[in-house]
Amino acid sequence: MRSSNPVFSRRGFSRDNGGYAGFDAQQHQQAGTATNPYATNPYATDPATGMPQAPARANTMTMDDVVSRTAMTLGTLIVTATLSWVLLPVDPANLGKSYAIGIGAALVAFVLAMVQSFKRKPVPALILGYAALEGVFLGVISAATSTYLGPGVVIQAVMGTMCVFAAVLFAYKMRWIRVNRRFTGFVMAAAMGFILLMVANSLFALFGGGDGLGFRSGGLGLLFGAIGVILGACFLAMDFKQVEDGIAYGAPREESWLAAFGLTLTLVWIYLEMLRIFQILSGND
């Protein structure tokens, strides 16, 4: 089953056309085992036997792999964000140029993310390229926010993102959050509705000026910002589920890049929503 986060549609771990985990599909077809009619990822247990659909093997994904790859993608993003903050001026005379560079970087990052989402296997160069360009975008908007609203807003958004990550991880480990079919379906439907509303708001803002339908400013902006953060938290739980099952059921080591990619996408989403919330609270709506 394909997974998604609030920003981009992305597949989960590799699967072949038969619906089995891609690294062990042939053995299952020969054995004639049944696939799980529903799973949040290809590594769930076989409903007939209660055993993993794909047995563990050498060179499989570990938590260390996921942590190291995620550190690489987030580290790349932070480095380019810092460089763009320092090197791209956001004073009134140069703000338009800096925004143009940031938006251009975001668009290219989107293209790289979409290319990766349709590939059967992770491509580290695409994932790191996405992280680098997304960092440029985040650096520009963070620098502008810090310049016009004060550095406290950016610090609050970063701390808020870290707190959401820690809270969801703790809740997931305590099994207060259970990622199942109902949870996944609800989150996907809510995310689709949220994205459509934000697209509509952006179109009205583009052609009508202001904040369009008002979904990103004032009281409604705070409400939809909170909804965005909650959706991001839900997708974090889905990311944790994929990582947990990928490790438990023997996903190939290269799939740790997909886990890092998904976590980075979700954290960027949460940060942007947090930044918008604190911008509104600071008086810039």
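Residues numbered from 1 in each chain as written. Predicted model: local features only at pLDDT ≥ 70, side-chain atom pairs only at ≥ 80, totals over all residues. Heavy atoms only, no water.

We now examine a nonpolar patch on the surface. On the surface, a nonpolar cluster with roughly 510 Å² of combined accessible area is contributed by V79, L83, W85, V86 and L87. Mapped onto the elements of the fold, V86 is located in helix α2 (residues 63–87). The class of V86 is exposed, set by a relative accessible area of 62%. (Patch = residues over 30% accessible without salt bridge, like charges linked within 9 Å, V, L, I, M, F, W, Y side chains within 5 Å. Areas by Shrake-Rupley, 256 points an atom, 1.4 Å probe, with all protein chains shown as cover. Salt bridge = Lys/Arg side-chain N within 4 Å of Asp/Glu carboxyl O. Helix = DSSP H or I, 4+ residues; strand = E, 2+ residues; numbered from the N terminus. Buried < 20%, exposed > 50% of the residue type's maximum accessible area, 1.4 Å probe, protein only.)

Within this model, the second largest pocket holds a volume of roughly 570 Å³. Together, 17 residues line the second largest pocket, and L77, I78, V158, T161 and Y271 are the ones closest to its centre. Counting residues per element, the ones that place at least two in the lining of the second largest pocket are α2, α4 (124–149), α5 (151–173) and α8 (256–281). Here the element with the most residues in the lining of the second largest pocket is α2; it accounts for six residues. For the lining of the second largest pocket, the residue count by class is 13 nonpolar, four polar and no charged. (1 Å grid on protein atoms, 1.4 Å probe; cavity = no way out; pocket = protein on both sides within 12 Å on 5 of 7 lines; lining within 4 Å. Points joined across faces, edges and corners; volume = space filled by probe spheres on them. Nonpolar A, V, L, I, M, F, W, Y, C, P; charged D, E, K, R; others polar.)

So, on to the packing of helix α7 (residues 218–248) against α8. Each pair of packed helices can be summarised by the angle the axes make with each other and by the distance between the axes. Following both chains from N to C, one finds α7 and α8 inclined at 160°, their axes separated by 9 Å at the closest point. It follows from the interaxial angle that α7 and α8 lie roughly antiparallel. In this structure, α7 meets α8 at a crossing whose hand is left-handed. Residues belonging to the contact of α7 with α8 are distributed by class as follows: 18 nonpolar, seven polar and two charged. (Axes fitted to C-alpha atoms, helices over the stretch in contact; angles between N-to-C directions. Parallel < 35°, antiparallel > 145°, perpendicular 65-115°, else oblique. Left-handed = near helix turned anticlockwise from the far one by under 90°.)

With that settled, the discussion passes to the confidence of the model for the protein chain. Overall, the predicted model of the protein chain reaches an average pLDDT of 81, with 78% of residues at or above 70. Low pLDDT, under 50, characterises residues 1–43; the stretch is placed with 133 contacts to residues that sit more than four places away or in other chains. (pLDDT = per-residue confidence, 0-100. Contact = heavy atoms within 4.5 Å.)

With that settled, the discussion passes to the environment of A105. Following the sequence through the fold, A105 ends up in helix α3 (residues 95–117). Separated by 29 residues in the primary sequence, A105 and E134 place their C-alpha atoms 6.5 Å from one another.

Below, the discussion takes up unusual backbone geometry. Look at R175: it is not a glycine, yet its phi comes out positive at around 65°. Inspection of the secondary structure assignment puts R175 in the loop between α5 and α6 (181–208).

Across all of its chains, the model carries four salt bridges by this definition. One salt bridge in this structure joins R175 and E244, with 2.6 Å as the shortest N-O distance. Residue R175 is found in the loop between α5 and α6, and its partner E244 is found in helix α7; the two are separated by 69 residues along the sequence. In this structure, D245 engages K241 in a salt bridge whose closest nitrogen and oxygen atoms are separated by 3.2 Å. You can see D245 and its partner K241 sitting in helix α7, four residues apart, about one turn around the helix. For the pair D245 and K241, a shared accessibility class is recorded, and that class is buried.

Look at α2: 36 Å from first C-alpha to last across 25 residues, which is about the 36 Å you get at 1.5 Å a residue. Along α2, the residues that are buried comprise D65, V66, R69, T70, T73, L77, T80, A81 and S84. Looking at the packing, one finds that the buried side of α2 touches α4, α7 and α8. (Expected span 1.5 Å × (residues − 1).)

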